[in-house]
Amino acid sequence: MSTAITVFKGDGIGPEITDAVLRILDAAGADLSYEIFNVGAAEYEAHGALIPEEGFASFERTHVLLKSPITTPIGKGFRSLNVTLRKKYDLYANLRPAKSNAAVKMPFENVDIVIFRENTEDLYAGVEEMIDADTAHSIKIITRKCSERIFRAAFDYAVAQGRKKVTCVNKANIMKLSDGLFLDVFREVAKEYPQIVAEDKLVDNVCMQLVMNPNQFDVIVTENLYGDILSDLCSGLIGGLGLMPSSNLGADFAMFEAVHGSAPDIAGKGIANPTAFLWSACMLLEHIGKNDAAARIRCAVDEVLTEGKCLTPDLGGTGMTREYEAAIIARL
């Protein structure tokens, strides 16, 4: 019996890469059935809601969501749908693996960093107010509960995956109460995992260290804002946002999405790179126990990247999305 998953088609390149990924999943024999919904700005303009109620109901039924990029207005308009979904379903752990591929030539080799980003609070909690016409306040929220559970998620992952070190990234030297609490809780939780090396570093220092010697890092655990910034930096170490997948995990629900945005500048041109979204789908397959299908897809992608004949422009090639997709399916 096939497994039902919810699929949100977003804006920009979202529909294009969604179609490509679903065809690849089918070719790999993933044995999935899809409940597909249009979401985002276009859906809002057409029907007055960013996400149709049927979409929420589907996710609450399947508990697994594959979500393509959604455009978020800058400085005005509606709040990020990603933030909305993470808060609504308490998807507190944002897992973002940055792993280099030998076929994509970059200054650093063998980069293999996994970022655990706390997903529900910090400055992204969205607690803002206008004090007067010239003054805006944004409130940073850090709690013991949310800090503790993201640290346990990171350490449990390190133990399960045979990782050696967990680095807590913070700015406790300046934000002594909020980041200070975050760091204190990290040190408390770390004592429960003596087999894992636990260290803490300031976020500005980590940015410098990542572009000098990224191989010193293994698992990074950090707050919401820092995690968002550092994961984009790490994507640059492995070839760009087109190669960076992610999962958003909670106790009951899981959402999988690429780290990159909706790229409206290339929407409809047929040159979007679906790799990050495809690898996010592989993380979904592994989450629901379909490891064999995920492994076959990963192997096929590696072969296509190594051959280098059908790569999209962001990977240095001249291929179209459908050509890249066809090459992967041919190897499946």
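Residues numbered from 1 in each chain as written. Predicted model: local features only at pLDDT ≥ 70, side-chain atom pairs only at ≥ 80, totals over all residues. Heavy atoms only, no water.

When you look at a nonpolar patch on the surface in this model, what are you seeing that I'm missing?
On the surface, M208, V211 and M212 cluster together into a nonpolar patch covering about 300 Å² of accessible area. The residue V211 is located in helix α7 (residues 203–212) in this model. For V211, a relative accessible area of 48% corresponds to the partly exposed category. (Patch = residues over 30% accessible without salt bridge, like charges linked within 9 Å, V, L, I, M, F, W, Y side chains within 5 Å. Areas by Shrake-Rupley, 256 points an atom, 1.4 Å probe, with all protein chains shown as cover. Salt bridge = Lys/Arg side-chain N within 4 Å of Asp/Glu carboxyl O. Helix = DSSP H or I, 4+ residues; strand = E, 2+ residues; numbered from the N terminus. Buried < 20%, exposed > 50% of the residue type's maximum accessible area, 1.4 Å probe, protein only.)

Help me understand the environment of G29, please; the structure alone is not making it clear to me.
Structurally, G29 can be placed in the loop between α1 (14–27) and β2 (32–38). Under the relative-accessibility criterion, G29 is labelled exposed at 54%. Taking the C-alpha atoms as reference points, G29 and A103, 74 residues apart in sequence, are found 26 Å from one another.

What should I look at first to understand unusual backbone geometry in this one?
Of note, D122 is a non-glycine position whose phi angle comes to about 65°, a positive value. If you trace the backbone, D122 turns up in the loop between β5 (112–118) and β6 (128–132). Of the residues examined, D122 reaches a relative accessible area of 1% and is grouped as buried. In this structure, A263 is a non-glycine residue whose phi angle is positive, near 45°. Structurally, A263 is set in the loop between β12 (254–258) and α9 (275–287). Classification of A263 as partly exposed rests on a relative accessible area of 24%.

Just checking my understanding: could you explain the pairing of strand β7 (residues 135–138) for this structure?
When a strand is regular, its side chains alternate between the sheet's two faces. Pairing of β6 with β7, which is carried by 4 bridges, proceeds in the antiparallel orientation. Bridge assignment links E128 to a residue of β7, and that residue is S138. What sits between the antiparallel neighbours β6 and β7 is a turn of 2 residues. (Pairing = 2+ DSSP bridges.)

Is there a simple way to explain the nonpolar core in this structure?
In a soluble, globular protein the nonpolar side chains are often hidden away together inside. Of all hydrophobic cores here, the largest spans 82 residues; its most connected members are L25, L66, F116, F151, V166, V221 and I297. When residues of this core are assigned to their parent elements, the largest contribution, 9 residues, is made by α9. Ranked by size, the runner-up nonpolar core spans 15 residues in total, among them F59, L65, I70 and M255. (Core = buried A, V, L, I, M, F, W, Y, C linked by side-chain atoms within 4.5 Å.)

In this structure, what is going on with the side chain of N273? I would like to understand it.
Relative to the assigned elements, N273 resides in the loop between β12 and α9. What makes N273 buried here is its relative accessible area of 7%. Side chain to side chain, N273 and T275 meet in a polar contact 2.6 Å long. Each residue touching N273, except ones within four places of it in the same chain, is listed here: I17, G242, L243, H260, T312, D314, L315 and Y324. (Polar contact = N/O pair within 3.5 Å; in protein donor to acceptor, adjacent residues only side chain to side chain. Contact = heavy atoms within 4.5 Å.)

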